[in-house]
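# Structure assessment
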Amino acid sequence: SDPPEAFMATRRVRLGTIDIGSGGGSEWRIDGVVRHAYADPHHAERGYDIALLHIVGPVAAPVNTSQTFEPVPIRIPGLFDAPLKSGQTDLELSGWGVTGEAPTTRQTRSIDNKPQLPAQILQIAHLKYWDPANCNHDPRFLQKGYTLQPGQICAGSLTNQTACFLDSGGPLVRRYAGPADALGVRQPELVGLVSFGIGCGNVRAPSGFVDVRYFKDWIRRAKANYRPGKFVKMR
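Owing to the predicted nature of the structure, the values given are computational and were not obtained by experimental measurement.

### So, helix α4 (residues 216–225)
Inspection of α4 places W218, I219 and A222 among the buried residues, and these make up the whole buried set. With its buried residues spanning 100° around the axis, α4 presents them on a single face. Opposite the buried face of α4, by more than 90 degrees, sit the exposed residues R220, K223 and A224.

So, in structure tokens, the structure goes:
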């Protein structure tokens, strides 16, 4: 992996677009990173797969303003919010990961031998929250030796909608779950972060996600421990 300084110097965050190739949105510079000290970048399934980026900007104006939207903060669930219900709670996953079906996540070609390429248009998948047993007892999880750890949640669909390679870190959102705003619209909540799974586009394949609620206190402390220009590891 890149050294911390190179990570911040060579990457940008683009906000406010659904078409990554259009020049829409605005670019922001990464000014600092706080990563969980127990995270293993080569084994996300072991847990603690979370980091916070501090961004500053925008540093570049949009090229295509027709594809630019104003980013808004998202709410993190609280301890007393309605619990997730297995098979009933609707969740929305978004990302620009590869879209072809494949038995493993990092294959360069899909099962129909087409190149696995990242999406240009933001992809949306509709998942359900599932009880941890749906992951832990799945034959594909058992074959890999995966077991959900504290701070991980299970989600999937009854179809072939899944997370895939290059979706990692992306948001798993429960819409219309938080308090209502001035117009009566209930706020979305960031429930999870894409962490690990079994292949891409496989029917009924569950995936493991970081449980954002579990790490709420860590996120609060990470904000306080951010240092400009530094890559910080924090338990």
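### Thoughts on the pattern of salt bridges
Counted according to the given criterion, the structure contains eleven salt bridges. For the salt bridge of E27 with R14, the shortest nitrogen-to-oxygen distance reads 3.7 Å. Note that E27 is positioned in strand β2 (residues 26–36) and R14 in strand β1 (residues 12–15), a separation of 13 residues in sequence. Assessed through its relative accessible area of 28%, E27 is described here as partly exposed.

### Description of unusual backbone geometry
In this structure, P58 follows G57 across a cis peptide bond, with omega equal to 5°. Within the secondary structure, P58 is located in strand β3 (residues 51–60). Not every positive phi belongs to a glycine, and R204 is a case in point at roughly 60°. Tracing the sequence through the fold places R204 in the loop between β8 (189–197) and β9 (207–211).

Here is what the cut-offs are and how they apply
Residues numbered from 1 in each chain as written. Predicted model: local features only at pLDDT ≥ 70, side-chain atom pairs only at ≥ 80, totals over all residues. Heavy atoms only, no water. Buried < 20%, exposed > 50% of the residue type's maximum accessible area, 1.4 Å probe, protein only. Helix = DSSP H or I, 4+ residues; strand = E, 2+ residues; numbered from the N terminus. Arc of directions from axis to C-beta. Salt bridge = Lys/Arg side-chain N within 4 Å of Asp/Glu carboxyl O.

Just geometry here; none of it tells us what the structure is for.
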